[in-house]
There are 2 protein chains.
Amino acid sequence: MRCTQLEEMLSAKIFFKCENFQEMGAFKIRGASNAIFSLSGEAVKNGVATHSSGNHGTAVALAAKRRGVPACVVMPENASALKKRTVAEYGAKIIGCESTMTGRETALARYVAATGAAVVHPYNDLAVMAGQGTVALELHEEVPDLEVILVPVGGGGLLSGTAVASRGLRPNCRIIGVEPLGADDAWRALKTGHIEALAHPDTIADGLRATLGPLPFAVIREQVDDIMRVSDKAIISAMRYVWERMKIIIEPSSAVVVAALREGLVEVKGRRVGVILTGGNVDLDHLPW
Amino acid sequence: MRCTQLEEMLSAKIFFKCENFQEMGAFKIRGASNAIFSLSGEAVKNGVATHSSGNHGTAVALAAKRRGVPACVVMPENASALKKRTVAEYGAKIIGCESTMTGRETALARYVAATGAAVVHPYNDLAVMAGQGTVALELHEEVPDLEVILVPVGGGGLLSGTAVASRGLRPNCRIIGVEPLGADDAWRALKTGHIEALAHPDTIADGLRATLGPLPFAVIREQVDDIMRVSDKAIISAMRYVWERMKIIIEPSSAVVVAALREGLVEVKGRRVGVILTGGNVDLDHLPW
């Protein structure tokens, strides 16, 4: 999709890849499907399990249902009600946990020890990263000669997949990750060279609260040009802008990339810019304005 | 666009024509452009004027700006704040009026008498009706062999244009208008054979409060197969369904057609159905849920 007003404002050509229109409303079905269908029959005989604030959990639930194996999703207490409901609708078991990375991992480890389920990590998994990379693969096929590509970054699965796909197809395309100021562990990691989990990530972008994974980080530090940070205020404003102007529903985690453009954080003048809108699963009873 | 879940529910193929993605967020730019650019230089020398609860007013403002003539829009007091703001942004003068057909027409007549502006009626105008008909023209070109087409009906401009275009291209396609129960003057007119304005149309679908015009009615009574009515409750539920499932923003006036499908009012099983989503201009500060 395009947005005339935004293009005029930035004097650039902006091409949105709308993963909010993807099955189950987010790109996450790509990585989960690739991972779950790549596992051997022996590996999935006790089902699959993951932790997720929402979209990856939904994706694992759906992909597992399709493969015909049971799924369990560990979800933090502050996950949105809509996302919990959707995971349950696809038939997955839900286990609640504290809203921290440690809380998620402890609960998942306990479940896996008890059941022998195969873990499908939301991002620290090469099959998941490769699956998420198909977003950029398609975008480069659909829109040739992109000079910049903007990607939200949470755990880093999409950003690392985007980097690998883009470097292969379009080596000179700049790859920019965008994350919330309140969950800026990727920005810090790129600066210091090592990952440090934030004790209390604080942002409305619930899909981006996760800590960067070591596998994605190994790719990101080599291949990503920059990481930009945006405030929650800019995220909410960008989200509303997209709803009002483009008439499409995106969630706060998608809006970070639009926020970075509107805040002028990325040099795009005269360029062809790809923007990945990652999802549109919003709880309509709790809008941020 | 398509919606897998809705198609499975109805056992039909549903093709959405998304005029919410149209310039200025609604189909109305088609009729207003056709009308304003069809007028002679002499006819527009004192500008153009209209009355409208919103989208047609915005369309007239924009088309007049493009033709380089002044525009005035008479808007009822209960028109949405967003729509008033947008009309003003395009440089048109706004005159407030009572929220009735009489109130609108009186204020418009007074302005025209004082200025000599050319009236571009929102629907009771052959050039406007023809312009709106291009929605169906495109839909039939894009999706061959439609067997049913569903259209919201307010003043009847879009429905009459759809009927003329559809009868020409696809004579056996059933043409169904849908309107709110609280503004069912078109349904009544088709039943009794004459137009009777409702004293107090009462519906959330602000684009459909207008009374059927005589010119559209002359087409509709000959060419439209049926008119269905839906409650505001069903409209709100359908609007939310489209937001959640399709991730696109439609306004209540668009949602009437989806409501008719979900309520089972139209026989669509096994058929190819065209659905016109007329617009997506919603005041995000005042959502109906």
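Since this is a predicted model, take the numbers as computed values, not measurements. (Residues numbered from 1 in each chain as written. Chains lettered and ligands numbered in written order. Predicted model: local features only at pLDDT ≥ 70, side-chain atom pairs only at ≥ 80, totals over all residues. Heavy atoms only, no water.)

A. Inspection of unusual backbone geometry at higher detail. Residues and elements named next belong to chain B. In this structure, Met-24 takes a positive phi of about 60 degrees despite not being glycine. Here Met-24 lies in the loop between β1 (13–18) and α2 (28–38). The backbone phi angle of Asp-145 is positive, close to 65 degrees, even though this residue is not glycine. If you trace the backbone, Asp-145 turns up in the loop between α6 (126–142) and β6 (148–152). (Helix = DSSP H or I, 4+ residues; strand = E, 2+ residues; numbered from the N terminus.)

B. Local environment of the packing of helix α3 (residues 55–67) of chain A against helix α4 (residues 81–89) of chain A. Residues and elements named next belong to chain A. At their nearest, the axes of α3 and α4 sit 8 Å apart, and the two run at 10 degrees to each other. Considering their axes alone, α3 and α4 lie roughly parallel with respect to each other. Listed contacts from α4 to Asn-55, Gly-57, Thr-58 and Ala-61 of α3 are Lys-83, Thr-86 and Val-87. Its residues assigned to classes, the contact of α3 with α4 shows two nonpolar, four polar and one charged. (Axes fitted to C-alpha atoms, helices over the stretch in contact; angles between N-to-C directions. Parallel < 35°, antiparallel > 145°, perpendicular 65-115°, else oblique. Contact = heavy atoms within 4.5 Å. Nonpolar A, V, L, I, M, F, W, Y, C, P; charged D, E, K, R; others polar.)

C. Spatial organisation of a nonpolar patch on the surface. A cluster of nonpolar side chains, contributed by Met1(A), Phe21(A), Met1(B) and Phe21(B), occupies part of the molecular surface with about 290 Å² of accessible area. Of note, Met1(B) is situated in the segment before α1 (4–10). A residue is classified by how much of its surface remains accessible, and Met1(B), at 34% relative accessible area, is partly exposed. (Patch = residues over 30% accessible without salt bridge, like charges linked within 9 Å, V, L, I, M, F, W, Y side chains within 5 Å. Areas by Shrake-Rupley, 256 points an atom, 1.4 Å probe, with all protein chains shown as cover. Salt bridge = Lys/Arg side-chain N within 4 Å of Asp/Glu carboxyl O. Buried < 20%, exposed > 50% of the residue type's maximum accessible area, 1.4 Å probe, protein only.)

D. Looking closely at the interface of chain B and chain A. Listed as interface residues are 19 residues of chain B and, on the opposing side, 19 residues of chain A. Of the roughly 1,600 Å² buried at the junction of chain B and chain A (both faces included), carbon and sulfur atoms supply 57%. Three residues stand out in chain B for area buried against chain A, namely Lys247(B), Ile249(B) and Leu284(B), and they jointly supply 39% of the buried area on that side. In this structure, Arg245(A) engages Glu89(B) in a salt bridge whose closest nitrogen and oxygen atoms are separated by 4.0 Å. Our enumeration of links across chain B and chain A arrives at 10 residue pairs in polar contact (both at pLDDT 80 or more). Of the residues forming the side of chain B that touches chain A, the biggest block, five residues, is contributed by helix α10 (residues 232–246) of chain B. (Buried area = accessible area lost by both parts, 1.4 Å probe. Polar contact = N/O pair within 3.5 Å; in protein donor to acceptor, adjacent residues only side chain to side chain.)

E. Seen up close, the environment of Val151(B). All names here are of chain B. Looking at the secondary structure, you find Val-151 in strand β6. Residues Val-151 and Gly-133, spaced 18 residues apart in sequence, show a C-alpha to C-alpha distance of 11 Å. Val-151 has contacts with Leu-158, Leu-159, Thr-162, Ile-176, Gly-177, Val-178, Val-257 and Ile-276, leaving out every residue within four places of it along the chain.

F. Structural context of the domain arrangement of chain A. All names here are of chain A. Partitioning chain A into structural domains gives domain 1 (4–23 + 126–277) and domain 2 (28–119). Look at where the C-alpha atoms of domain 1 and domain 2 centre, and you get two points 24 Å apart. Counting from both sides, the interface comprises 19 residues of domain 1 and, opposite them, 16 residues of domain 2. Of the roughly 1,400 Å² buried at the junction of domain 1 and domain 2 (both faces included), carbon and sulfur atoms supply 44%. The largest per-residue losses of area from domain 1 upon contact with domain 2 belong to Glu-23, Gln-132 and Asp-206, which jointly make up 32% of the total buried on that side. The interface formed by domain 1 and domain 2 contains five salt bridges. Of the charged contacts in the structure, one is a salt bridge between Lys-83 and Glu-251, with a shortest N-O distance of 3.1 Å. For the pair domain 1 and domain 2, the interface holds nine residue pairs in polar contact (both at pLDDT 80 or more). Looking at the side of domain 1 that touches domain 2, the elements with two or more residues in it are α6 (126–132) and α7 (134–142). A class-by-class count of the residues in the side of domain 1 that touches domain 2 yields six nonpolar, six polar and seven charged. (Domains from an automatic or database assignment.)

G. The side chain of His51(A), seen in detail. All names here are of chain A. Here His-51 lies in strand β2 (residues 48–51). The exposure class assigned to His-51 is buried, which follows from its relative accessible area of 1%. If we ignore the near neighbours within four places in the chain, the residues touching His-51 are His-56, Val-74, Met-101, Arg-104, Glu-105, Leu-108, His-121 and Pro-122.

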